[in-house]
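Overview (structure and organization)
As a plain string of letters, each chain reads:
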Amino acid sequence: MQVNTKAIVLSSLKYGDTSLIVKAFTASDGLKSYLLKGVLTSKKGKLKAAYFLPLMQLELVATHKNKGTLESIREAKVSVPYKSLHTDIVKNSMVLFLAEMLSNSIQEQEQNKGLFNYLEYALYWLDAHDSISNFHLLFLLNLTKYLGFYPDTSFHNGNYFDLVEGSFCTTPSLNPLIQGENLTSFKRMLGINFDALQTIQINKPRRQELLKMVILYFELHLQGFRKPKSLAVLNAVFE
């Protein structure tokens, strides 16, 4: 079946000498993987390798057979031309990290308009703003809304956040916990939008500790989740 859909690239893997396998989150059908034959050597075709950088936003004409095999793309064009995401070294390292987190987190092969709209908006915001040091923390916390394990804030006055239960508590358990100054920063992130990020100051060591906790939160709640290899690069850029 031929479909016209928006898509966000999650990963591109070289296949042979001339081709790519591209994983993308589509507006029409959720997660899809495509085989792009000869795209690395083709100069006149409608598909260009540069379109398939991490988190590129595209408009695709694709064939979806929906049989669990690799799909094909007939045409692609950039729907949102980024100004800085792939040229600014800090933003680019964040893009690589977030693309890997999304690739390891999104598993549904069905339409999810809410998640797709969130990703579109978040990436547009990241491209347009310069004060982004805490962006990835809020991005990941908000992402949990669409993945089904957003923190339960009904008892947000608790002194601990239990990562297994996904809720606040007054007494510590044997589960991994967010506490102390990390908890203060964590609470400030809940329920805000990206424009409010400039009001939150977190130093580098605490930001790294909090990010480790958030990644552990994903690991505890998503079956088969793998820790991102690009985390070390992100931390190095923010040093």
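Residues numbered from 1 in each chain as written. Predicted model: local features only at pLDDT ≥ 70, side-chain atom pairs only at ≥ 80, totals over all residues. Heavy atoms only, no water.

Where an unreviewed UniProt entry is consulted, the protein appears under the name DNA repair protein RecO, with the organism given as Flagellimonas hymeniacidonis. If you open the UniProt record of the protein and go to Function (unreviewed entry), you find "Involved in DNA repair and RecF pathway recombination." Checking UniProt for the protein, the heading Sequence similarities (unreviewed entry) contains the comment "Belongs to the RecO family." (UniProt positions renumbered as here; feature names shortened; annotations may be inferred.)

Regarding the packing of aromatic side chains
Using the criterion set out here, one finds 17 aromatic pairs in the structure. With centroids separated by 5.2 Å and ring planes inclined at 25°, the aromatic side chains of Tyr118 and Tyr146 adopt a geometry described as stacked. Pair noted here: Tyr118 is in helix α2 (residues 113-128) and Tyr146 is in helix α3 (residues 135-147), with a separation of 28 residues, a long-range link. Note on Tyr118: relative accessible area 8%, which makes it buried. A relative accessible area of 31% places Tyr146 in the partly exposed class. Relative to Tyr217, the ring of Phe149 lies with its centre 5.3 Å away and its plane at 70°, an arrangement referred to as edge-to-face. Pair noted here: Phe149 is in the loop between α3 and β6 (160-162) and Tyr217 is in helix α5 (residues 204-221), with a separation of 68 residues, a long-range link. (Phe/Tyr/Trp six-rings, centres within 6.5 Å; stacked < 30°, edge-to-face > 60°. Helix = DSSP H or I, 4+ residues; strand = E, 2+ residues; numbered from the N terminus. Buried < 20%, exposed > 50% of the residue type's maximum accessible area, 1.4 Å probe, protein only.)

Some remarks on the pattern of salt bridges
Throughout the structure, instances matching the rule amount to five salt bridges. In this structure, Glu120 and Lys6 form a salt bridge, with 3.2 Å as the shortest nitrogen-oxygen distance. Separated by 114 residues along the polypeptide, Glu120 in helix α2 and Lys6 in strand β1 (residues 2-15) bring together distant segments of the chain. Here Glu59 ties to Lys77 by a salt bridge, and the two come within 3.8 Å at their closest N and O atoms. Residue Glu59 is found in strand β4 (residues 57-63), and its partner Lys77 is found in strand β5 (residues 72-78); the two are separated by 18 residues along the sequence. (Salt bridge = Lys/Arg side-chain N within 4 Å of Asp/Glu carboxyl O.)

Topic: the side chain of Gln57
Looking at where Gln57 falls in the secondary structure, it is placed in strand β4. Residue classification places Gln57 among the buried positions, given a relative accessible area of 2%. Excluding anything up to four places from it in sequence, Gln57 contacts Ala7, Ile8, Lys77, Val78, Ser79, Val80, Tyr82, Glu120, Leu123 and Tyr124. (Contact = heavy atoms within 4.5 Å.)

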